[in-house]
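If you want the building blocks of each chain, they are given just below.
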Amino acid sequence: MLPADILKRYRVSDGRNFRLADFDPGDTAGLDLDKDDTKKMLEQSAKRLGALQERLYADHRWAILIVLQGLDTAGKDGLIEHVMAEVNPQGCDVHPFKVPSQLEMDHDFLWRASLVLPRRGHLGIFNRSYYEEVLVVRVHPNLLETQGLPPSLITKDIWQQRYEDINAFELHLARSGTVPLKFFLNLSRAEQKKRLLARIDNPDKQWKFNAGDLKERALWEPYLEAYEAMIRATATAHAPWYVVPADHKWFTRLVVAASIVERLEAIDPQFPTLDDDALKELQAARASLCGGQ
Ligand code: AMP
Ligand code: MG
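Residues numbered from 1 in each chain as written. Chains lettered and ligands numbered in written order. Predicted model: local features only at pLDDT ≥ 70, side-chain atom pairs only at ≥ 80, totals over all residues. Heavy atoms only, no water.

**Structural notes on the pairing of strand β2 (residues 63–70)**
The condition is simple: The rule is simple: take the accessible area with a 1.4 Å probe, protein chains only, and divide by the maximum for that residue type; under 20% is buried, over 50% is exposed, in between is partly exposed. Secondary structure counts use DSSP, requiring at least four H or I residues in a row for a helix and at least two E residues in a row for a strand, with both numbered from the N terminus. Pairing between two strands is assigned when DSSP locates at least 2 bridges connecting them.
Within β2, eight of the eight residues are buried, leaving the element largely enclosed by the surrounding structure. Residues of β2 alternate between two faces, with Ala 63, Leu 65, Val 67 and Gln 69 on one and Ile 64, Ile 66, Leu 68 and Gly 70 on the opposite face, all of them buried. Across five bridges, the pairing between β2 and strand β4 (residues 123–127) is parallel. Paired with Ile 66 across the strands is Ile 125, a residue of β4.

This is the structure we're talking about:
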């Protein structure tokens, strides 16, 4: 498991002075591990996460909302597969957020997310999220016009208003026992180029390549500006952002797994224990079973 002092470097709980330039996508915290070591470490973290998730489920009080954001090829899908490898599928829900449907656009922008929030005892993973509303939509403001909003509500203040709405939404969640943990997979432009080329060249990955990805890649700077503004406005104590280096997949996965484990350990969910009456009932049931057929 990665130690707390390493995880701390990537956690932003107060976004006011946040600058993306202070975070290096290629950072591995000085760790120079071979493949076997990183594999073992990740397996260990995944097992720990699985064990804690079982307690979370049994305790049935808290829910964890894991938000994954990042540019194309940042590694969101692979991360879900590897970090959640030991989690019981019954206690974990994954929801991808794509271009909104007509039904979704006929509602406020948090509606579709609120329908699929994790229930108590569950880990919920949002693969992209309501944050797209201040990312892709901010980079392509013409998308706002497709959302059916009353024109008088589309003003220059709309992004600030959306940040405020998101902060209020997440505070409401935190106060209800749903803990938001938000991860920005911070990828470099050079590494994205490599990964897009790998998609084109590998027949098993070609289905993932989307011509639109190149159009978005051309908007690299506006996207980073949108990410920076978003983190500044929405990194809070109750819903921190983790700015995770994403150029080395093994490191990204270790940071995310250990950060979720750290939060779950702080929550410290417990298996329910039985009171004296319930224990007596249990003993009576045992006696009845043993005495009968
Ligand atoms: P992917 O995650 O690669 O499968 O792609 C999903 C696509 O849906 C991305 O290009 C997102 O930017 C897009 N998307 C997600 N949410 C929204 C939204 N609220 N408005 C417009 N596009 C969105
Ligand atoms: Mg894509």
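Okay, back to it.
**Brief notes about the pattern of salt bridges**
Spelled out, the test is: Whenever Lys or Arg places a side-chain nitrogen within 4 Å of a carboxyl oxygen from Asp or Glu, that contact is recorded as a salt bridge.
Within this structure, the stated rule accounts for 15 salt bridges. The salt bridge partner of Lys 194 is Glu 191, with a shortest N-O separation of 3.7 Å. With a gap of three residues between them, Lys 194 and Glu 191 both fall in helix α9 (residues 189–201), about one helical turn apart. For Lys 194, a relative accessible area of 57% gives the class exposed. Look at Glu 191 and you get buried, because its relative accessible area is 14%. One salt bridge connects Glu 191 with Arg 195, and the closest N-O pair in it is separated by 2.9 Å. Here Glu 191 pairs with Arg 195, and both are found in helix α9, just four residues apart, close to one helical turn.

**Quick look at the site of ligand 1**
Going by this rule: For this purpose, a residue is taken to be near a molecule or strand whenever a single non-hydrogen atom of the residue falls within 4 Å of it. Pairs of N or O atoms are called polar contacts if they sit within 3.5 Å, as long as, within protein, a hydrogen donor faces a hydrogen acceptor (for residues adjacent in sequence, only side-chain-to-side-chain pairs). Each accessible area value is a Shrake-Rupley result obtained with a 1.4 Å probe; residue values ignore everything except the protein chains displayed when judging cover. Here the term cavity refers to a set of points on a 1 Å grid, laid over the protein atoms alone, in which a 1.4 Å probe fits but cannot get out; the term pocket refers to an open set having protein on both sides within 12 Å along at least five of seven lines, with lining residues being those that place an atom within 4 Å of a point. What decides whether a molecule sits in a cavity or pocket is whether more than half of its atoms lie within 2 Å of the grid points. When residue character is reported, Ala, Val, Leu, Ile, Met, Phe, Trp, Tyr, Cys and Pro are called nonpolar, Asp, Glu, Lys and Arg charged, and the others, Gly included, polar.
Surveying the vicinity of ligand 1 reveals the residues Asp 72, Phe 97, Lys 98, Val 99, Pro 100, Arg 112, Arg 128, Glu 132, Glu 133, Val 136, Val 137 and Leu 143. At 3.2 Å from an oxygen atom of ligand 1 is found a side-chain nitrogen or oxygen belonging to Glu 132. Calculation on ligand 1 without its partners gives an accessible area of 500 Å², and the protein chains cover 75% of this total. Given that more than half its atoms are within 2 Å of the pocket grid, ligand 1 belongs to the largest pocket. Classifying every residue of the shell around ligand 1 gives six nonpolar, no polar and six charged.

**Observations regarding the pairing of strand β6 (residues 241–245)**
The buried fraction of β6 amounts to five of the five residues, a majority that puts the element mostly inside the structure. Pairing analysis gives five bridges linking strand β5 (residues 178–186) to β6, with the strands arranged parallel. The residue bridging Lys 182 from the neighbouring strand is Trp 241, located in β6.

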